[in-house]
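The lines below spell out each chain.
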Amino acid sequence: VVGTRGYIERIVDQINGTFERGWFDACAVMIRRLVETVIIEAFEHRGIDTKIKNAQGDFVPLSNMIDAALAEPTWNLGRNTRRALPRIKGIGDRSAHSRRFVAHLRDIEKHIDDLREVVQEFIFLAGLK
């Protein structure tokens, strides 16, 4: 993500910092935020961000963004990205919203390859690299 946008680089710095410190719930939430951010970047770059906004002009929840990204006809997401998006969202959701779920190292590690591929694809679609 180096050379994309400063706020994207900072999100990744925070992901790495929380991972290194063993704060895996915080890491999962930041991963979810990164995915949401790069999806928004791709829609905005293509001038189709209204597809992920509600009637008031606010961005829709991530689940709706993912549905829109998967259905978007102006790009063809890779098979791995299509499969990975719901899984990555799931770990972030559990860490953010589930009272009794506590993320562990293995919860994050099993999503690292998916995360790299998803972020790389949306950064490309957003014209950031």
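Look above for the structure.
Residues numbered from 1 in each chain as written. Predicted model: local features only at pLDDT ≥ 70, side-chain atom pairs only at ≥ 80, totals over all residues. Heavy atoms only, no water.

Asks: Can you lay out the overall build of the protein chain for me, pointing to particular residues and giving the numbers?
Replies: Within the protein chain, the regular secondary structure consists of 6 helices and 0 strands. In the protein chain, the succession of α and β elements from N to C terminus is α-α-α-α-α-α. For the protein chain, the C-alpha radius of gyration of 14 Å lies close to 14 Å, the compact-globule estimate for 129 residues. Projected onto its principal axes, the C-alpha coordinates of the protein chain cover approximately 40 × 30 × 30 Å. When the 129 residues of the protein chain are sorted by exposure, 45% land in the buried category. Within the protein chain, contacts between residues at least 6 apart in sequence are counted, and of these 65% link residues at least 24 apart. (Helix = DSSP H or I, 4+ residues; strand = E, 2+ residues; numbered from the N terminus. Rg over C-alpha atoms; globule rule 2.2 N^0.38 Å. Buried < 20%, exposed > 50% of the residue type's maximum accessible area, 1.4 Å probe, protein only. Contact = heavy atoms within 4.5 Å.)

Asks: Before we move on, could you go through helix α4 (residues 79-97) and cite the residues and values that matter?
Replies: Structurally, the α-helix is built with 3.6 residues per turn, so residues lying three or four positions apart point the same way. In this model, α4 (19 residues) spans 28 Å end to end at C-alpha, consistent with the 27 Å of a helix rising 1.5 Å per residue. Where α4 bends most, the angle comes to about 30°, and this point is Leu85, followed within four residues by the proline Pro86. Of all the residues in α4, the buried ones are Thr81, Ala84, Leu85, Ile88, Lys89, Gly90, Ile91, Gly92, Asp93 and Ser95. Turning to α4, the residues buried within the fold contact α2 (24-45), α3 (62-71), α5 (105-109) and α6 (112-125). (Expected span 1.5 Å × (residues − 1). Bend = angle between axes of the 7 residues up to and from the residue.)

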